[in-house]
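Architecture at a glance
The lines below spell out each chain.
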Amino acid sequence: MIASYPNVYQYEGVCWVLDAGSPLATQNLYRFYNRTNGTHFYTASESEKASVIAYQAATYQYEGPVYKVTLAPVGGELTVYRFYYIPIGSHFYTSSAEERDRIIANYSNVYVYDGPAFYVPTPESSFGYSGMRWPGTSTYWSLDNVSPVPVAWIPAIEASAATWSSSGSRFRFIRNESIGDQTGCTVASKYMGPTYGIGTSFTTPGSQMTKVYTVLNTYYALGVTYDVQNLMTHEFGHWLRLIDLNASWDTEKTMYGWGAAGETKKRSLHPADSGGIKYIYGQ
Amino acid sequence: MPTLSRLFICGVLLALLCGCSSESVSNDGGNQSANSLSHEETSQVIVETQWPEEVSSVAWLVRNSSAVIRGTVTGISDPFEATDVMGQLIVCHDVEIAVSNSIKGSHRRGETVTVRVRGGSFEGFTYVDDDQPVFTIGEDVLVMLAQNEWGGYGVTGAFSGKFHMENEVARRDDARVPTEMRGVGIGLIEAEAHRE
């Protein structure tokens, strides 16, 4: 396009980067060629695709799926907005909310706003899901009574659980000291030495989970150098079966696999983290 | 591998004679933690670890290791069952390394050092810990070692503390390690060890 049609198409750069491996990337985005004006029309709606094929085949030539997007966003995905351009009957797409608002404000005489067309899972919005989940939308958790955590850490651990429970999904962590160690999640602390990390979660897998426990390694200066709430919010994410992320674009997420001295940013969920729990357990 | 097999059998016999149990290893005062998992409950355990960023630094690894050796992997045992620091049944395997250069600690050239690695399958039970280092027989390695719960050696920082040697460069081709820290001259590691 750049080489052959520079007088028609002005290259503006990359609009978005799709995370093709995202669990959310499940809906085909379909492309049509508009024979009348030489432009392309995209839709992720199965019913719209069927309608165009059935009733507008003379104008639109169906070209097939181009890649996968989502129609059920859980947070952090890029929204792609669609306009209908009246003068030549083409469609315009933008992922910029600012551009959308500017067109609506200034060019509504020629552009008809169609609304969000589809959502693009991007690397920045991605989460890692193991494929396992708890039965239902809650689980019990408790403190281990053999290798107990210091009492001073308990409010931080409770706050970590509450962060996930109030993230907008249907899932709830419920503290229950009489049941949590039999089925559910437990948290312990132990001197484990430097062959272990700061926090380690042990999970019994299966499509329906029954038990997870996390051990906080007192070899490291927990509660002093390493923030317990920061650490445990990450571990509670593992309890939900989100997995570690280690890419350069993941550093602001709670599920980023590395912890840092003095770090507290993982106490708050990144949209990708809350998107993960909403994806698994509903919202 | 005859040597390791004999070692393992001796270890089992010693444990039986001493009455060593998961409780004594984990020093829990005779009580098994309620959260421990047994074979009856599951056929698989998945381990996920949060590491401090310092673990990727050579200075941290050397400082937190009691031994740093370079050598050749001469043997890897079959997986076997063991009890970890929390009294949980896990699966391990032992790796034998013939020391060619002792950078920190009291080991000598020609000595064989055994390093225990967590993970593997044993009698239908699988223990998955993707952070543990992977060794291959004949590999020229540099490893940072610290005492594990069994009184032997484990790799400090797991995946971060095992290097594959290419000439005089210690490499960690692991996506979790920052790119600029994946190749380290052995001279730098020796300098860190001598600094202590």
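What counts, and where the lines are drawn
- Residues numbered from 1 in each chain as written.
- Chains lettered and ligands numbered in written order.
- Predicted model: local features only at pLDDT ≥ 70, side-chain atom pairs only at ≥ 80, totals over all residues.
- Heavy atoms only, no water.
- Helix = DSSP H or I, 4+ residues; strand = E, 2+ residues; numbered from the N terminus.
- Rg over C-alpha atoms; globule rule 2.2 N^0.38 Å.
- Buried < 20%, exposed > 50% of the residue type's maximum accessible area, 1.4 Å probe, protein only.
- Contact = heavy atoms within 4.5 Å.
- Areas by Shrake-Rupley, 256 points an atom, 1.4 Å probe, with all protein chains shown as cover.
- Lys, Arg positive; Asp, Glu negative; His and termini not counted.
- Charge placed at Lys NZ, Arg CZ, Asp CG, Glu CD.
- Buried area = accessible area lost by both parts, 1.4 Å probe.
- Salt bridge = Lys/Arg side-chain N within 4 Å of Asp/Glu carboxyl O.
- Pairing = 2+ DSSP bridges.
- Axes fitted to C-alpha atoms, helices over the stretch in contact; angles between N-to-C directions.
- 1 Å grid on protein atoms, 1.4 Å probe; cavity = no way out; pocket = protein on both sides within 12 Å on 5 of 7 lines; lining within 4 Å.
- Points joined across faces, edges and corners; volume = space filled by probe spheres on them.
- Nonpolar A, V, L, I, M, F, W, Y, C, P; charged D, E, K, R; others polar.
- Core = buried A, V, L, I, M, F, W, Y, C linked by side-chain atoms within 4.5 Å.

Considerations on the overall build of chain A
Tallying secondary structure elements over chain A gives five helices and 12 strands in all. Rg of the C-alpha trace for chain A: 24 Å, well past the compact-globule value of 19 Å for 283 residues, more than 25% over. Along the three orthogonal principal directions, the C-alpha set of chain A runs to about 75 × 35 × 35 Å. Within chain A, the fraction of its 283 residues that count as buried is 49%. Of the contacts made within chain A by residues no fewer than 6 positions apart, 70% connect residues no fewer than 24 positions apart. Put simply, chain A shows about 12,400 Å² of open surface, and 53% of that area lies on carbon and sulfur atoms. Separation of charge centres in chain A, based on 19 positive and 22 negative side chains, amounts to 5 Å.

Quick notes on the interface of chain B and chain A
Quoted interface sizes are often the accessible area lost when the parts come together. Taken together, the contacts link 43 residues of chain B with 44 residues of chain A. Carbon and sulfur atoms make up 53% of the area that chain B and chain A hide from each other, which totals about 3,500 Å². On inspection of chain B and its partner chain A, the count reaches one salt bridge. For Arg241 of chain A, the salt bridge goes to Glu48 of chain B, with nearest N and O atoms at 2.9 Å.

A closer look at the sheet that holds strand 4 (residues 78-85) of chain A
All names here are of chain A. Strand order in the open sheet formed by three strands is 5-4-6, and the pairing between neighbours is antiparallel. The outermost strands of the open sheet, each flanked by one partner alone, are strand 5 (90-94) and strand 6 (111-120). Neighbour-to-neighbour, the strand axes of the sheet open up by a mean angle of 25°, direction not taken into account. Pairing of strand 4 with strand 5, which is carried by five bridges, proceeds in the antiparallel orientation. Looking at the pairing, Tyr84 lines up with His91 of strand 5. With respect to the sheet, helix 2 (residues 97-106) is in contact with strand 4, strand 5 and strand 6, its orientation differing from that of strand 4 by roughly 25°.

Observations concerning empty space enclosed by the protein
Under the criterion given, the structure shown has two cavities of 30 Å³ or more. Its boundaries defined by the atoms lining it, the largest cavity holds a volume of some 50 Å³. For the largest cavity, the full set of lining residues is Ile198, Tyr226, Asp227, Asn230, Leu231, Gly259, Ala260 and Glu263 of chain A together with Gln50 of chain B. Tallied by class, residues from the lining of the largest cavity come to four nonpolar, three polar and two charged.

Focus: the nonpolar core
Counting 60 residues, the largest nonpolar core has Trp141, Ile157 and Phe173 of chain A together with Ile189 of chain B as the members making the most contacts within it. Once you skip the residues sitting within four places of it in the chain, Ile157 of chain A turns out to touch Trp141, Leu143, Val149, Val187, Val228, Met232 and Phe236 of chain A. With 17 residues, the next largest nonpolar core counts Tyr196 and Tyr213 of chain A together with Val45 and Ile90 of chain B among its residues.

Some thoughts on unusual backbone geometry
Across residues other than glycine, the phi torsion is negative in most instances, and most of the peptide bonds are trans. Residues and elements named next belong to chain B. The backbone of Glu123 shows a phi angle near 50°, a positive value even though the residue is not glycine. Along the chain, Glu123 turns up in the loop between strand 6 (120-122) and strand 7 (125-129). Despite not being glycine, Ala158 shows a phi value in the positive range, around 50°.

What about the layout of surface pockets?
All names here are of chain A. Estimated volume of the largest pocket: approximately 1,300 Å³. Lining the largest pocket are 28 residues, with Tyr9, Glu12, Cys15, Phe92 and Tyr93 sitting closest to its centre. Looking at the lining of the largest pocket, the elements with two or more residues in it are strand 1 (27-34), strand 2 (40-43), strand 5 and strand 6. With five residues, the single largest contributor to the lining of the largest pocket is strand 5. Here the lining of the largest pocket is composed, by residue class, of 16 nonpolar, nine polar and three charged.

What about the sheet that holds strand 3 (residues 60-69) of chain A?
Residue and element names in this part refer to chain A. What the three strands build is an open sheet, ordered 2-1-3; its pairing is antiparallel. The open sheet is flanked by strand 2 and strand 3, the only strands paired with a single partner. Sheet twist, expressed as the mean angle between neighbouring strand axes with direction ignored, is 25°. Of the pairings in the sheet, the one linking strand 1 to strand 2 comprises four bridges and is antiparallel in character. Opposite Tyr33, over in strand 2, you have His40 as the bridge partner. Against the sheet, helix 1 (residues 46-55) engages strand 1, strand 2 and strand 3, with an angle of about 25° to strand 1.

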